[in-house]
Amino acid sequence: MPDIQSELVQGTLDMLILKTLALEPMHGYGISVRIEQISKGVFCVNPGSLFPAFRRLERSGLLKGEWRATENNRRAKYYSLTEPGRKRLKSETSEWGRQTAAIARILEA
Amino acid sequence: MTLVHRIFGGLKALIRKSDTELELDEEICSYVEASATEKMKAGMSREKAMREVRMSMGSAEGVKEDVRGVGWEIVAETLWQDVRYGARMLRKNPGFTLVAVLTLALGIGANSAIFSVVNAVLLRPLAFHDPGKLCLVTESLPSFPSLGPSYQNYVDFRDQAKSFEGLAAVHIDRLNLTGQGDPERLSAQMATASLFPLLGVNAIEGHTFTSDEDRYGGPAVVLLSYGFWQRNFGGTPNILGKTIRLNDQPYTVTGILPAGFQIIVPVDVVVPFAPWAHGLPDDRNWHPGITAVGRLRQDVTIERARVEMAAIAQRLAKQYPLYDTDMGANVNGLQDTLVQNVRPALLMLLGAVGLVLLIACGNIANLLLARAASRQREIAVRTALGAGRLRIVRQLLTESVLLAFAGGAVGLLLARVILTPLLALASKSLPSVGVIGLDGRVLAFTAAIALLAGVLFGLAPALQTAKMDVRPALSDASRGSTGGASRHRVRDLLVVTEVALALILLIGAGLLIRSFARLQDVQPGFDASHLLVVDVPVSPNGYAQAPRRMSMFDQLIERSKTLPGVSAAGAALILPVTGSGSVIHFNIQGRPPKTPHDYILIGYRPASPGYLETLRVPLLAGRMLNESDTERGPYVAVVNQSMAKQYFPGESPLGKRIQVGATPTNEIPWAEIVGVVGDMKQSLASEASAEMYIPFRQADSLIPIFAMSMVLRTTNEPHAEVSALRNAVHEIDADQPLVNFRTMQENIATSVSDPRFRTMLLGIFAASALLLAVIGLYGLMAYSVEQRTSEIGIRLALGAQRNDVLKLIVVQGLKLVLVGVAIGLGGALALSQLLTRFLYGVVPSDPATFAIVASILTLVAMVACWIPARRAMRVDPIVALRYE
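This one's a predicted model, so the numbers in the text were calculated from it and none came from an experiment.

Draft legend 1. Region of interest: the overall build of chain A. Each helix and strand counted, chain A has four helices and three strands in total. Residues counted as buried form 39% of the 109 residues belonging to chain A. A separation of at least 24 residues holds for 49% of the contacts in chain A among residues at least 6 apart in sequence. Just so you have it, chain A exposes about 6600 Å², and 54% of that area is on carbon and sulfur atoms.

Draft legend 2. Representation of the interface of chain A and chain B within the structure. Each partner contributes residues to the interface: chain A has 24 residues there, and chain B has 28 residues. Of the roughly 2300 Å² buried between chain A and chain B, counting both surfaces, carbon and sulfur atoms make up 60%. Here chain A and chain B share three salt bridges between them. The closest approach of N and O atoms between A:K77 and B:E23, which form a salt bridge, is 2.6 Å. Summed over the shared surface of chain A and chain B, the result is four residue pairs in polar contact (both at pLDDT 80 or more). For the side of chain A that touches chain B, the secondary-structure elements that each account for two or more residues are α2 (28-38), α3 (47-59) and β3 (75-81) of chain A. When residues in the side of chain A that touches chain B are grouped by element, the largest group, ten residues, is from α3(A). In the side of chain A that touches chain B, the residues fall into eleven nonpolar, six polar and seven charged.

Draft legend 3. Structural detail: a positive patch on the surface. Residues and elements named next belong to chain B. Residues R84, R88, R91 and K92 make up a contiguous surface patch of positive charge. Among the secondary structure elements, K92 is positioned in helix α5 (residues 73-92). Classification of K92 as exposed rests on a relative accessible area of 61%.

Draft legend 4. Region of interest: empty space enclosed by the protein. For the coordinates displayed, the defined rule picks out four cavities of 30 Å³ or more. Of the volumes computed, that of the largest cavity is approximately 130 Å³. Around the largest cavity, the lining comprises 13 residues; the ones closest to its centre are B:L368, B:R371, B:R375, B:L396 and B:P461. Of all the elements in the fold, those that place two or more residues in the lining of the largest cavity are α14 (343-374), α16 (389-426) and α17 (440-467) of chain B. Residues belonging to the lining of the largest cavity are distributed by class as follows: seven nonpolar, three polar and three charged. Counted as a void, the second largest cavity has a volume near 40 Å³. Contributing to the lining of the second largest cavity are A:H27, A:G28, A:Y29, A:A76, A:K77, B:E27, B:S30, B:Y31 and B:A34. Those elements giving two or more residues to the lining of the second largest cavity turn out to be α2 and β3 of chain A together with α2 (17-41) of chain B. The leading source of residues in the lining of the second largest cavity is α2(B), at four residues.

Draft legend 5. Spotlight on the pattern of salt bridges. With the rule as written, the count across this model stands at 37 salt bridges over all chains. A salt bridge links A:R88 to A:E92, with the shortest nitrogen-to-oxygen separation between them at 4.0 Å. Here the residue A:R88 and the residue A:E92 both occupy positions in helix α4 (residues 83-108), the gap between them amounting to four residues, near one helical turn. Taking the relative accessible area as the measure of exposure, A:R88 reaches 34% and is therefore partly exposed. Since its relative accessible area comes to 25%, A:E92 is described here as partly exposed. B:R616 serves as the salt-bridge partner of B:D527, at 2.9 Å between the closest nitrogen and oxygen. Of this pair, B:D527 sits in the loop between α19 (484-521) and β12 (531-537) while B:R616 sits in the loop between α21 (611-615) and β16 (619-622), and the two are 89 residues apart along the sequence. Note on B:D527: relative accessible area 24%, which makes it partly exposed. Residue classification places B:R616 among the partly exposed positions, given a relative accessible area of 48%.

Draft legend 6. Looking closely at the packing of helix α26 (residues 753-787) of chain B against helix α29 (residues 847-873) of chain B. Residues and elements named next belong to chain B. Two elements in contact, α26 and α29, have axes separated by 9 Å at closest approach and are oriented at 25 degrees. Here α26 lies roughly parallel to α29, going by the angle between them. The two elements α26 and α29 cross, and the hand of that crossing is right-handed. When α26 is examined against α29, the residues L770, V774, L777, Y778, M781, A782 and V785 are found in contact with a partner set consisting of L857, V860, A861, A864, C865, I867, P868, R871 and A872. Looking at the contact of α26 with α29 residue by residue, the classes come out as 15 nonpolar, no polar and one charged.

Calculation criteria
- Residues numbered from 1 in each chain as written.
- Chains lettered and ligands numbered in written order.
- Predicted model: local features only at pLDDT ≥ 70, side-chain atom pairs only at ≥ 80, totals over all residues.
- Heavy atoms only, no water.
- Helix = DSSP H or I, 4+ residues; strand = E, 2+ residues; numbered from the N terminus.
- Buried < 20%, exposed > 50% of the residue type's maximum accessible area, 1.4 Å probe, protein only.
- Contact = heavy atoms within 4.5 Å.
- Areas by Shrake-Rupley, 256 points an atom, 1.4 Å probe, with all protein chains shown as cover.
- Buried area = accessible area lost by both parts, 1.4 Å probe.
- Salt bridge = Lys/Arg side-chain N within 4 Å of Asp/Glu carboxyl O.
- Polar contact = N/O pair within 3.5 Å; in protein donor to acceptor, adjacent residues only side chain to side chain.
- Nonpolar A, V, L, I, M, F, W, Y, C, P; charged D, E, K, R; others polar.
- Patch = residues over 30% accessible without salt bridge, like charges linked within 9 Å, V, L, I, M, F, W, Y side chains within 5 Å.
- Lys, Arg positive; Asp, Glu negative; His and termini not counted.
- Charge placed at Lys NZ, Arg CZ, Asp CG, Glu CD.
- 1 Å grid on protein atoms, 1.4 Å probe; cavity = no way out; pocket = protein on both sides within 12 Å on 5 of 7 lines; lining within 4 Å.
- Points joined across faces, edges and corners; volume = space filled by probe spheres on them.
- Axes fitted to C-alpha atoms, helices over the stretch in contact; angles between N-to-C directions.
- Parallel < 35°, antiparallel > 145°, perpendicular 65-115°, else oblique.
- Left-handed = near helix turned anticlockwise from the far one by under 90°.

Next comes the structure, spelled out in structure tokens:
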């Protein structure tokens, strides 16, 4: 684990979860590991923010949860994207792109 | 879509709570499991892996709490939890709860009671269609800023004004009802046919006036009020078409008005306006008491109507210079006009009762602060288990609001109970506005102030409690310490505020009481003891002829003089100290007015011979009125001292000649001033004004007299003569009603019912405020002594004298009291200005009142400090030190 772990920008965790789930349904631990791996350890998501985010996204109808057996033959709740979830991911991604490009332009100016 | 999701998700979580919880539990477990398995794969022992996972995750409960916090249901959920927990805490401390609820019930109940009056009188719209558009139109003259228009001007207003959908007229009068048991004097109104559609009022049986009925020479018809119909005819509809005798004339009943209907005042019967108006003199300057009611057109504001009416008045003033010179017109909202006299007093009382509640809140806040010390452990445990500060504050606030609602509920019951005596006390001071009671608006108000009070008294203690340090409270060694200096400061501040507020109320009450005492001390100018008074209105039809009428009054007076127990009797058109009066213009021989409308007005008091003697008014010069002063004899007048001084300064008015009710004219006989008597007051609160007493037989030729008030001086209790007088009068005319038997002293008491009402209520509020503030102070001192027991023990052990201890505690309390008194004096000085309009003979900054009230408060407060101080003095040092 690197010494410096970045705090996630407010609201981006939801987007990362949606992105992670775009490929395949995953359970909570899997999601946290995936985010950590892909960010090369920059973002370490702890359960204290992960689970409330699941509940939030589920309530908003962007995710749905389903109990399934894991590869280790245990039960876990697998989350997958709903149709509105996919749409939200698309719109958030393009919005994010727009914003970061703009910020980058300002910082380089 | 997402909103629906949220609502249903929340509802599901609420309803199937255990399922949701189990699922969350399992999910977190599986996370831990997966996480640990991963670590074990890297070669960690299971035990170590689990430990690491828990360390990195923090408390599983904390995570769950965070997840629960996502949905809206958590708010409802915790609120419900808090309410249940709060209720449990309150039940566990019945003593505290009882004291707090009762204190709050007093404060909130008094507020609800006063508010229900304010609501009914000031806020509730009148029971008419679109009442906001209803206005009263009055005339203004240089000497009278507002009076009902003359008939002729009313007609012109009505025909010319375009701002109104219509302008209707009402005249308030009395009519004698005969032919059904005892003759009765009914309150009546003459109303135009246009009035009812204008107000949007329909008859519940029959119909309101048609234009054919509202004309001179039309059929004599009458509408009955609902109350009169129920009372006299048992509410049977077959009264329609029957006749009743009013002023010795048959009237056909054509309609019943709805219950609660009233315009200006409630009446028994309503008859058409036009026949009455026909009897008025053709004089634009004659103001017979017409109320002109208008309904503004939808698109017209009251300001525009004012501009238009002012223009019309100006036009009329030009057109009729003899009558209408300098005339203006006022347009005012109907409801505003009805309540304008009582509004300031009601708002003052509402403010005062609000301060009482504030003091009550101070007391409860102090109780809560004291209790906070004993709840430290409980709160500390909750904090240690992961409750956030906000969560604790919310919990404590919920508890206070719960307490306040309990107080509000009991307060409502209390309001119900005190409303009856309150209304009895206020009956003469309030305009009649229909039912005053606890309606939905009062309930809402009560709930609102309960909520406000709960937050108000709960906030400071809640913040204090939540702020404290967890560790010392949890450690066993700590014995619930006093909570530091800041809590003391808050408690001191509360008591200082309470003392200041109580002083403000007390000074207000003191000023009103002093003013009322001054009013009571006013000499009315006559001997008011042992006087029986009754109004005798004769029927204008039965006694239409002056000789018959005059001899009726003569007979009544002569007959009552002969009653055993009556030493003197007389009668007058207008009695002293009634607040009302009648003025007339006159001129003095040799001093003609410069222009025709430059006449002087003076109090006009037609009276019988013997009237002034019955009242024992002192004769200062000349003679009183006597039996020879009739319409045949030479015209005479007796003037009062004020008139003599005002119009005949430095000379004797005796022998001077005046013309009453006239600018100089040859048709009216000159009257010689034959006597000067002392002043009688028309109102206790104002100076006596110039008045003249005219023999009623001579006055009758000027303005016919159809009603006089008889005054009997009795040797015993005046009311004992009532039945003898009634019998004597009915021997003369069995159909003659006698109205409103009362003593002169009761008459005077009625004239000061407004100040009595205000004074009593403010006095009661101020006394409650004093009581509450003193209880608050006592509570603080007692608590402080308890907290300082060990300190006092050490002081005593080290050789302090018991008196020193007493002084220590009393001085501590006294300091607070004096600060409160100083602030209160400042506040009272500023706020007492608001009372100026209620004060008579006392200035709002009356130093005596301020000094006396402040001393009384300080003295009472010292007693409240002294009792706990005595307890401190008796502390046994050994016991106190062991206690530690």
